[in-house]
Structures are given as C-alpha cells and as structure tokens.
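Structural overview for review
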Amino acid sequence: MPGRVSTRASTASRISRKSSTQTWNSRTSTTSPTVVIPEEGPESTLRTLICSIFGDAQRTTAGHRKLVVSLRKIQESCCYEPTKPGKKGREEFDEDDFNVEIARCVIRLMGVKKTEGVGDRIVRFLGFFLRHASEKDAALVPEPEIYETGSFPETASTRLTSHILSILLQFLTSKEKTVRYRSTQLVAHIINSLDSIDDEYYHLLKMGLLKRIRDKEPMVRVQAVLGLGRLAGNEDDGDQENEDSDEDDVSGLLEKLLDVLQNDPSADVRRSLLLNLPLTPGTLPFLLERARDLDPATRRALYSRLLPALGDFRHLSLSMREKLLRWGLRDRDENVREATARLFRERWIEDCAGARQNGEAGAVTEVASPSIDGLLELLERIDVVNSGVGEGIASGAMQDFWDGRPDYQEAVSFNDPFWNHLSPESAFMARSFNDYCRQQANDKYETLVEEKMPEVTKLAFFLQRYVNNLVESLRRNSERYEGDEEEDTVEQEFIVEQLLHIAKTLDYSDEIGRRKMFALLRETLAIAELPDEITKLVVDVLRDVCGAEAAGEREFCGVVLEAVAEVHDAIAVDEPMVDNKDESFHSARSEISDTTPTKAKGPQNIAGNNKEEDEAKAIREIMINMKCLHIAQCMLQNVEGNLQQNVHLVTMLNNLVVPAVRSHEAPIRERGLLCLGLCCLLDKTLAEDNLTLFLHCFKNGHDTLQVTAIHILADILTSHPSLLTVKDAEDADAVALQISVFKIFSKGMKAEHTPDVQSAATTALCKLMLTSVIQDEDLFEQAVICYFEPATKENAGVRQALSYFLPVYCHSRRENMERMAKVAGGVIHTLVDMAEELDEGEDIVGISMVGNMLVDWTDARKLVVQDGATNSWDEAGKKEVKAVNGDIHLDLAEGLLERAMNHGCSREDKKAFIAMLGKLYITANSGTEKLRNTTELVAEAIDNKIVTDAASRNALNKLHLALSKAMGEVGKYKKGAEDTLAPAEEGLITVEEQGAEESVLANEEHVKKKSVEDEGVTQAKDSLLDELLTDEEDS
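Residues numbered from 1 in each chain as written. Predicted model: local features only at pLDDT ≥ 70, side-chain atom pairs only at ≥ 80, totals over all residues. Heavy atoms only, no water.

Assigned secondary structure in the protein consists of 47 helices and six strands. Looking at the 1035 residues of the protein, the share that counts as buried comes to 48%. Accessible surface for the protein amounts to roughly 52600 Å². Of this, 49% is attributable to carbon and sulfur atoms. (Helix = DSSP H or I, 4+ residues; strand = E, 2+ residues; numbered from the N terminus. Buried < 20%, exposed > 50% of the residue type's maximum accessible area, 1.4 Å probe, protein only. Areas by Shrake-Rupley, 256 points an atom, 1.4 Å probe, with all protein chains shown as cover.)

So this is what it looks like as structure tokens:
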C-alpha cells in the first residue's frame, strides 16, 4: 500500500502545499474549474527532447523502458548539478522548466478519448517513469537519514508527482466525460505505481476519487475504484494520524467501496473492485458473494483470479466451500464452470497434496505429484458424506477432477487392502472414478476401469461385509438401554450406498458373479432394519441383476414380494409372544387378587399396561406397513410391463396397496396412494377407475397430499392421454371427468396461499400442454395471466416454469401460436383490470411490455419447426424455404380490433390493443380473404375514430398502410399464378421477390408511395389478363 510522506520543511514543499490547498478550494465550487493551459512560449531544446520522447512512447509500449531511462537523464540534468562541465553556450534548464514541460504533456493527454490507444500508452509511460524516478531518488538518500527523521525526504520526483497531481485534481470535476476519465485514470495509475504519496495529497486524492465513484459514466467509476482500492488498506492508519481530517469525506472508505461492489449497475465497476479490494476478514464475505453476480465475466474473475490468490482454501468455512463449488459448477456460463473446475482440480487439490510454488495471483507453477491422501483430504474438506448424496455437488466436482487430471487416473489403485479399509472418502472416490470411466463415449476408459475395479464376485463379498457391519450397528442401537449413547451409522450407510452405486454399473454377464450378487441382494432386501435409501438402491441393483426382459421382470417382482413378506414377518414376529405374556399376566393377577388385599389396584395397573401395549402395537403396525409399502414403491418404480399380465403385481395391489389406501392412518394412506398411482401407470383401466379418487384427494386433502395428487394425475394423463379424450359429446361421464380435471389445475394455479401446490399445479399443466395432452384455451389463458399477475411474484417456481413454458410452447407448433393469438385479447383485458385494482405498494408488469411479449410469442417467423406453408421440395429433392405465412398476426389483429370497436371496451383496453397492432408482422404471403377482412376492419376503425391519441392513430395508420401494401403485392403475384394455370391455395403463394421481411414499422412515406405504385401496376396487369382470357375464349 502506498504510504504517506511526512510534512516537509523546504520552500518548494510549502509552495506545493499551498498550491494543493488552492486547488482543493477551487474544486469545492459549484462550477467546473477552468484550467488555464500554460502559454506555449518560445521553443526550447528541452521541449523538443521531451516531446520527442512522449511521441515515441505513444506509438508502442515495447520501447518504454529505454524511453524512461532517457527521460530520467533529462530530469537529472535539470534537477542536479552536472558531474562534468557542459559545453559553453549550451542552453541550461532547471527543475521547474522540466516539471512545466511534463505537465504540458499531461494536459494534452486529458482530451484523448477512451477509444484511442495512445492515451493508455501515455498513462502507462508516465506511471513507469514516476516509479523509476522515485526509485532512483530513493537510492540517493542515505538510509540512516530516513531512520533518524522517520520520514522520506523531499526529492525531485516527489515534487514532480505533486505538481502533476495538483493539475489533475482540477480536472476531476470537469464537465467533459473524457477529461474526467483521463484525469481519474492517471491519478489511479499513479497511486498504484508509487510506494508513497504525500500526506496532503493523500487526503485530497481520497476525497476527489470518492466523488468520482458516483460519476454517471461507468468508465470514470472504474478508474476511481481502481485508485481507491489501493488506498483502502491505509484507511485506519490515516484516520488515526490525521485527527483533523474531514471525517464526512474520508471515513468509511471501505464501507463505501463495499456498497459500490454490491449495488453499482456497471459490471466493469463491480469486477474492478472485486479484483482490487484488500482481502480481509471483513471484505471476504462481500467478495465471495460475487459468485452470484449477474455478469458472467465477474463470476469468472472470482473463480479464476480472486480465489486462487486467496491462499489455502481450508481457511474458508465448510458451508462457503460447498456454496462456491455448487454455484460455480452449476453456473449457466460455460467459462465460469470451467474456471471452477480448474480451481478445484488444480489449486484446491494442491493445497491438500503438499508443497507447491506459487506464481502471480496464486497460480500454481509447479504441480505436485499425485497424492491419493491429498485427494481423500480434499473430499473430506468438502464434506462428501453430505455433498455426495442426492443433489450434492461432490459428484460433479469429481467428474471434472478426473477429466482434467489424467495423472490421478493412472496413480489411483483399488487393491484388496483398499476395499478392506474403506472410509466415506475412499468409497466415494472409487464410485466417482467408476462413474466417470463408464460414462465416457465410445468406451474410452473401459479397459482402465476393468483393470482397476474388482469383478462382480469380489465386489459382492466386500458389499456383504459392510452391510453386515451396518446391520449390527443398527441392531445395537435398537437394543441399547435408555441413556446409552447411540452409535453413529451415517458413515457406514454412506459406504454401503457407494458400493451399491458401483454395483449398478457392473456387467452381469458372468453367471457366477450374477448369482452371488442376486443372493446377496435378496438377503439384504429382507433385512427389516435397512434404511430407506439403501433399500431403494438394493431394489435398483436387483432389477439390473434380474435382466431387462419380461421373464426377468417377473422374477424381480416375485423376489421383491417375498422380501416384503419376510420383512412383515420379521417386524411382527414378537406380537404373539407379547400377547401370550399378557394373557399369563392377567391370569396371575386374577389369582392373586382373590387372596390379597391389593386387588383394588389391579384393574388400574392392567388398564395402564393395556393402553401402553395398544400404543406400541399401533406403532408397530405402522412401521410394518410403511416399510413394506416403501419396498413396493421402489419395485413399482422399476417396472414397465402390463399390470394385469404380472400375477405378482396383481397380488401386491390387492393385498398391500388397496388396504393401505383404505387405512385410517394418514402416513400409510398417503404412501398407499402413491403406490396406487404407480400401479395406474401400468394399467389404463385401473387408472380410469381411480382417477376420481385422486381428484377427491386433491379437493379434500392437505397441502402435501394435494401436491402428491397433482403429480399422480399428471403422470397418469401423460401415460394415458386418451383418458381426457371426449369421443362423443353426449357422453356425460367423459365430459364431467374432463371438466373436473381442468378445474383441479385451475384451482391449483389459484392457490396463492400454498406456494408448493401452486408451483406443482403450474408445472404439471405446462408439461401436459407441451405434450398436447391438454389443449384447453381457458386453462392456457389462465396460465398466461398467472405469469404476469402480481400474486405470483414471490413464487419463483411458478415464474420459472412459465418463463420456460410460454415461449417454447408458442414457438414449437403453429397450432399453439394460434391458440396464443386467440387468448391475447382476454389476457390484456384482465391485466388492465388488475392494474387498476392494485393496492398501494403492489406493482405489475407494464401493459406495453406484456403486449410486446404477446406479439413476439405469436410471430410466425420464430416457429422452430415450420410447416407446409413455409417449406417445400423442388424436383431435385432440395428444400425450398418460402416466405413465412402471416395468418397468425392477421387473426390477432382481427381479434384485437373487434374488441377495440366493442362499445364496452374501456379507454385503457383500446390503448393497449391498438399499441399491439403497430408491431405486427404483415406479409403478402397470407390468406387473401384474411388480408381483405383485416383491411376493412382497420379502415372501419379509422373512420369511426375509435382512438383519439396520436400514438394510437399512428399505429392504426401504419397497420393500414402495411395491409394496403400486402394487398398490392398479392395482386402483383396473382397474374403469375394464373398464367401458369396452377391453382393457388389461399395463403400459399410462391414469392420470389417480396418484402416479407419488412415490418409494419417501415417508413410511412415510402410505404404510401410504394402502395400507390403497386395498385396502379396491379390494375393494369389485371385488365391485360382479362383481355387475353377473353381472346382465348373467342378463338
């Protein structure tokens, strides 16, 4: 950090301080100061030499070092006594002359625009020269003198720097943005180039730059924060040493910079601060939160420059490490993801692996040899037990690690001692390596993974060992006495899960290994104490072991149902024994009660025991059913065949699922409902019979049950879309069912007080509409309104689903775009009414913006898959792209005009409708009848003067001119179609030279003139065509 020079006693110093004080007083005026450029004066040898050096410096930076040495020699000749006598008659110059000439060049720099590279080169040259001159002058001062005085003495370089800064301070408040930019840039560069700054100028520069961080020009703010970032580290010392400083302007520099870092609208300003603020415990949280910055370049700078320079990542908290990895690896920008992956595999692993050599900004210049212990420590540091499951980030991080570190691929070894002493980190390392190798295209690493990973039989033995250890720990916990410490089994569960993940990817063509794994999984699944997540993985692996064919599926279902029966028996085995003990206890108590005086207490004790036993029995029954239903759910998620053709599934449905749905216990009933929904996916008849049940659950259930019912309904309708098809309008049941389903989704989208239900209903409806299962216009209109209405502002799930759905839905098919055109008028009308009824503090998307989005979603030019109206094939089989059919925007125009001309239409509605008309895409490649009808409607609207404001009238006139032009082009091309005697379908006109790409926003005068010319040409060609046809008929 640049220090500050103590107060100086020389005459030059007093003059410099006086000049600076006058400069600051002038800067506090309300008007921009007028800086008087020094008079040119007579030409001198000194000016010629300095101008020549500056002229060479602005051409290229390659010779700056040589030019700096030359300029330093000139400075020494002016400021110091020459060691050798010069020639007689040679012109001599002093220090003031040199400083004036340098300042003269600095002033000429102020008007150079940012786009000119010469300005940046001169700034770099000046900073280089001042640093070089300061170092040279410092070498001339004896060190004992500095130690005695405790300050750095005044030198020629410090006086030159003060002179330049005193001039630059006047330009910081200039009205010209270029002058403010260049002056701020040079000040910031000088601050960053020098080791010390005069104490007086330190505070003046600080206050001047603080005002520039609020400049309206981003380029000025960037340079201001570059200078203040260097000064921020000296803030505390400066405030303590200078008690008479202006506290309002100087104090809180770091806080102001952090506020700019968080709130400045310019990404360049935020990025500059990110890379120049001091790294302290106070600033670090503000710097790291830039990982969520809106600008991709700023996020990338954090991962590629700031974090590598931060030092050992282990100083960060565990939660911050996990957040940084998750934010970076899941960033939408590929460059940010790559920078994060490089940080993880090159810098963080080296922090754990051992010694390294750091280059600039913390870059690793010498990579240590692969260290498996270091890799295991790295996994421990990111808490792989929690981040390596579900949606955790550890899996993605390790995929990028293996991809970028082939040396670790070769160094890793999975021998028997490794498998015999697994830890959570080593188990996850093996699983991630196995997944990476098997997911590569073209079996790139198939040989490598076969060499390093064990075969099926050996892995089955290892899996059995760790499953047994886990089960023993779980049973010890269940049998422990009250007050004993519970044994932690999280790590053991995690190890078993990783081994099962590896087992899912193995090849079971080896029959011996397949049988061993099959027997192990069969036994493991029947263990009642097995955690749910491991149970799910066991079922998934068992499905792969049984094979994908129908026979394998039947075998899989049979094995799972046998395991369900064993689990049921294992949990309920103690129930008869308990009953027998109770019976013997009752008989014994009754015998005693006849012969002892304590018989009055007997019935109370028995009643208390019976109550406790009933509660334990009820809890035990719930545990039995929940465990069995979970296994059944896992099985149904892995079955694809027909339900009725699989006797095992029918048995499970009748004996397990249906009784669970009818249970009075809420947890059992909800899980049974989920299993029933999975069964309905396998049988259409079953789905049709139980669809009403799921509708009832949504209407009368709590929030969680409503979400489950919505998911089940969406899955059933996706698997069996014909359930909503009404083949006969007189089929009352089918119509009633369809209406009930639509009401469920409508009610779900209106559930503002239950965000989860609203999000689930909206997402499910979007999926069903994208697959064309539901095509109801009312529901679609409600979905569009839901996207814009203020009530969904806080529900990010709804907004995110609709922001993806609406453009994709409209741009994917012409029918969908036509549906949007039909509901656009109703959407605008509803939103206008909402805007009028808003409470204070609420806001809504602007109606003009809504109109722009609706016009964009109905623009036929943006259809991803064009239809026959825009694509054709010539005789050679080559694809020909014709002009896009514009019927959709004509339909939209008709609908909006009809609403606008309705007597009940409000003024705000008319204004919104007419504004949309001025942005439509009108082309001659549209239906002639549609063009004619729309033109008549526009003419009628103009004649009736339905709008009075100038903007709306202009929009109508533009649309009318565009329609007239399109009608003229239709007449122009009509003759070509008739000459070839080819029957032209309405709206499908081949156009070779047409202005289809011209929008309604074309120049009015040009359109009007062209329209008149086209009409004349069309009339002439039509009359000539009539004469020719008449001659042919007469002949």
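Continuing now.
Examined against the element boundaries, N954 turns out to sit in helix α46 (residues 950-979). In this structure the C-alpha to C-alpha distance between N954 and I914, which are 40 residues apart in sequence, comes to 9.5 Å.

This part is about the side chain of H811. On the secondary structure map, H811 appears in helix α40 (residues 796-812). We classify H811 as buried; its relative accessible area is 13%. A polar contact of 3.3 Å, which involves the side chain of H811, links it to the backbone oxygen of D856. (Polar contact = N/O pair within 3.5 Å; in protein donor to acceptor, adjacent residues only side chain to side chain.)

For the rest of this paragraph, the subject is the packing of aromatic side chains. What the rule picks out here adds up to 21 aromatic pairs. Centre to centre, the rings of F313 and W348 are 4.5 Å apart; their planes meet at 10°, and the pair counts as stacked. Of the two residues, F313 is situated in the loop between α16 (296-310) and α17 (318-329) and W348 in helix α18 (residues 334-353); the sequence distance between them amounts to 35 residues. Exposure class is identical for F313 and W348. Each is buried. For the pair W402 and F433, a centre-to-centre distance of 5.1 Å together with 70° between the ring planes defines the contact as edge-to-face. Highlighted residues: W402 in helix α21 (residues 394-404) and F433 in helix α24 (residues 424-439), separated in sequence by 31 residues. (Phe/Tyr/Trp six-rings, centres within 6.5 Å; stacked < 30°, edge-to-face > 60°.)

Turning our eyes to something else, we now look at the side chain of Q706. With respect to the secondary-structure elements, Q706 resides in helix α36 (residues 703-719). The residues contacting Q706, other than those within four sequence positions of it, are C697, F698, G701 and V757. (Contact = heavy atoms within 4.5 Å.)

Our focus in this paragraph is α17. With twelve residues, α17 should cover 16 Å at 1.5 Å per step; its first-to-last C-alpha distance of 17 Å lies within 8% of that length. Buried within α17 are the following residues: M320, R321, L324, L325, W327, G328 and L329. (Expected span 1.5 Å × (residues − 1).)

Before going further, it helps to examine the packing of helix α43 (residues 887-900) against helix α45 (residues 928-944). Between α43 and α45, whose axes approach to 10 Å, the crossing angle comes to 30°. The orientation of α43 relative to α45 falls into the category roughly parallel. Crossing hand, α43 versus α45: left-handed. Across the interface between the two elements, D887, L890, D891, A893, E894, L897 and E898 from α43 touch K930, L931, N933, T934, L937, V938 and A941 from α45. The residue makeup of the contact of α43 with α45, split by class, is seven nonpolar, two polar and five charged. (Axes fitted to C-alpha atoms, helices over the stretch in contact; angles between N-to-C directions. Parallel < 35°, antiparallel > 145°, perpendicular 65-115°, else oblique. Left-handed = near helix turned anticlockwise from the far one by under 90°. Nonpolar A, V, L, I, M, F, W, Y, C, P; charged D, E, K, R; others polar.)

So, on to the confidence of the model for the protein. For residues with low pLDDT, the predicted coordinates do not support detailed interpretation. The predicted model of the protein has a mean per-residue pLDDT of 81, with 78% of residues at 70 or higher. Per-element averaging of pLDDT across the protein places helix α1 (residues 11-27) at the bottom with 34 and helix α38 (residues 755-770) at the top with 95. Per-residue pLDDT stays below 50 along residues 976-1035; that stretch engages in 58 contacts with residues further than four places along the chain or on separate chains. (pLDDT = per-residue confidence, 0-100.)

Turning next to a nonpolar patch on the surface. On the surface, a cluster of nonpolar side chains totalling about 260 Å² of accessible area is made up of L770, Y804 and V808. Relative to the helices and strands, V808 resides in helix α40. (Patch = residues over 30% accessible without salt bridge, like charges linked within 9 Å, V, L, I, M, F, W, Y side chains within 5 Å. Salt bridge = Lys/Arg side-chain N within 4 Å of Asp/Glu carboxyl O.)

So, about a negative patch on the surface. A cluster of acidic residues, E410, D443, E450, E451, E455, D507 and D510, forms a negative patch on the protein surface. Within the secondary structure, E450 is located in helix α25 (residues 446-452). (Lys, Arg positive; Asp, Glu negative; His and termini not counted. Charge placed at Lys NZ, Arg CZ, Asp CG, Glu CD.)

Of note, D833 is situated in helix α41 (residues 814-836). Assessed through its relative accessible area of 27%, D833 is described here as partly exposed. Distance from D833 to S906, taken between C-alpha atoms, is 9.9 Å for residues 73 residues apart in sequence.

Moving on, we get to the pattern of salt bridges. Going through the model one piece at a time under the given rule, you end up with 43 salt bridges. For D540, the salt bridge identified is with K536, shortest N-O distance 3.4 Å. On the criterion of helical spacing, the pair formed by D540 and K536 is a turn pair, its members being four residues apart in helix α29 (residues 532-546). For K536, a relative accessible area of 30% puts it in the partly exposed group. Where K822 meets E777, a salt bridge forms, and the shortest distance between an N and an O atom there is 3.7 Å. One end of the pair, K822, is in helix α41; the other, E777, is in helix α39 (residues 777-788), and 45 residues separate them in sequence. Note on E777: relative accessible area 32%, which makes it partly exposed. Via salt bridges that share partners, R270, E289, R290 and D293 belong to a single interconnected network.

Their axes nearest at 9 Å, the elements α38 and α40 cross at an angle of 15°. By the criterion of interaxial angle, the relationship of α38 to α40 is roughly parallel. Relative to α40, the crossing made by α38 is left-handed. Contact with α38, carried on its side by Q758, S759, T762, T763, C766, M769 and L770, involves G797, V798, A801, L802, Y804, F805, V808 and Y809 of α40 and no other residues of that element. When the residues that make up the contact of α38 with α40 are grouped by side-chain class, the tally is ten nonpolar, five polar and no charged.

To continue, consider unusual backbone geometry. Residues other than glycine seldom take positive phi values, yet D443 does so here, at roughly 50°. The phi dihedral of K945 falls on the positive side, at around 50°, and the residue is not glycine.

Turning our eyes to something else, we now look at α45. In this model, α45 (17 residues) spans 24 Å end to end at C-alpha, consistent with the 24 Å of a helix rising 1.5 Å per residue. Every buried residue of α45 is listed here: L931, T934, T935, L937, V938 and A941. Projected onto a plane normal to the axis of α45, the buried residues spread over an arc of 165° and lie on a single side. The first or second residue beyond α45 is K945, which carries a positive phi of 50°. (Arc of directions from axis to C-beta.)

With that out of the way, let us pick up the state of the cysteines. What the rule picks out here adds up to zero disulfides. Free cysteine: C679, not disulfide-bonded; nearest cysteine sulfur from C675 at 6.9 Å. Given the relative accessible area of 0%, C679 is considered buried. (Disulfide = S-S within 2.5 Å.)

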